[in-house]
Amino acid sequence: MRHECMGWCPPTGSVVKLNFDVAFNESREKSVSGVVVRNVSGEVLTFKTVVHREVASWFAVDAIVCLQAVFMGKQKGFTSVVIEGDS
């Protein structure tokens, strides 16, 4: 049986979860992205927000923030992660 969560669902075991979301203003070609890393208890381990300029499309926005999440996980030394986007 699959367990459905309302809102944020915690990872299992020693896995950390990297969630990201973005806001995009297409006419100004700007976006703001945020990444938050939480453990199984929901404790925030780290987070980051970034303003991006000269972004041409939603596809580019999603790619940039996903790559940002991957780099953040690697930089912090997390070895077992789940990356989940809200965009």
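The rules behind each value
Residues numbered from 1 in each chain as written. Predicted model: local features only at pLDDT ≥ 70, side-chain atom pairs only at ≥ 80, totals over all residues. Heavy atoms only, no water. Helix = DSSP H or I, 4+ residues; strand = E, 2+ residues; numbered from the N terminus. Buried < 20%, exposed > 50% of the residue type's maximum accessible area, 1.4 Å probe, protein only. Pairing = 2+ DSSP bridges. Axes fitted to C-alpha atoms, helices over the stretch in contact; angles between N-to-C directions. Expected span 1.5 Å × (residues − 1). Contact = heavy atoms within 4.5 Å. Core = buried A, V, L, I, M, F, W, Y, C linked by side-chain atoms within 4.5 Å. Polar contact = N/O pair within 3.5 Å; in protein donor to acceptor, adjacent residues only side chain to side chain.

Draft legend 1. Seen up close, the overall build of the chain. When helices and strands are counted, the chain shows 1 helix and 4 strands. The secondary structure elements of the chain, listed N-terminal to C-terminal, are β-β-β-α-β. Considering only C-alpha atoms, the chain reaches an extent of 45 × 30 × 15 Å along its principal axes. The 87 residues of the chain split such that 29% are buried.

Draft legend 2. Focus on the sheet that holds strand 4 (residues 81-85). Taken in spatial order, the 4 strands line up as 3-2-1-4 in an open sheet, and their pairing is mixed. Strands at the two margins of the open sheet, each flanked by one partner only, are strand 3 (44-53) and strand 4. The mean angle between the axes of side-by-side strands here comes to 15°, regardless of whether they run parallel or antiparallel.

Draft legend 3. Here's a closer look at helix 1 (residues 58-76). Across its 19 residues, helix 1 extends 27 Å between first and last C-alpha, which sits within 8% of the 27 Å expected from 1.5 Å per residue. Summarising the contacts, the buried residues of helix 1 are in contact with strand 1 (16-25), strand 2 (30-38), strand 3 and strand 4. One or two positions beyond helix 1, positive phi appears at Gly77, with a value near 85°.

Draft legend 4. Structural detail: the environment of Phe20. One can find Phe20 in strand 1. Phe20 sits 15 residues away from Val35 along the chain, and the two C-alpha atoms are 4.4 Å apart.

Draft legend 5. Up close: the pairing of strand 3. As defined by bridge partners, strand 2 adjoins strand 3 across 9 bridges and the pair is classed as antiparallel. Residue pairing for strand 3: Val35 is matched across the bridge by Lys48.

Draft legend 6. Quick look at the nonpolar core. One finds Val16, Leu18, Phe20, Val22, Phe24, Val35, Val37, Val55, Val61, Val65, Ala69 and Met72 forming the largest nonpolar core, which totals 12 residues. For this core, the secondary structure elements donating two or more residues are strand 1, strand 2 and helix 1. With sequence-adjacent residues up to four places away left out, Val35 is seen in contact with Asn19, Phe20, Thr46, Phe47, Lys48, Val65, Gln68, Ala69 and Met72.

Draft legend 7. Structural view of the environment of Trp8. Inspection of the secondary structure assignment puts Trp8 in the segment before strand 1. On the basis of relative accessible area, Trp8 is assigned to the partly exposed category, the value being 24%. Separated by 34 residues in the primary sequence, Trp8 and Gly42 have C-alpha atoms spaced 8.7 Å apart. Among all residues touching Trp8, those that are not within four sequence positions of it are Lys17, Asn19, Arg38, Asn39 and Gly42. Among the polar contacts listed, one links the side chain of Trp8 to the side chain of Asn19, at a separation of 2.9 Å.

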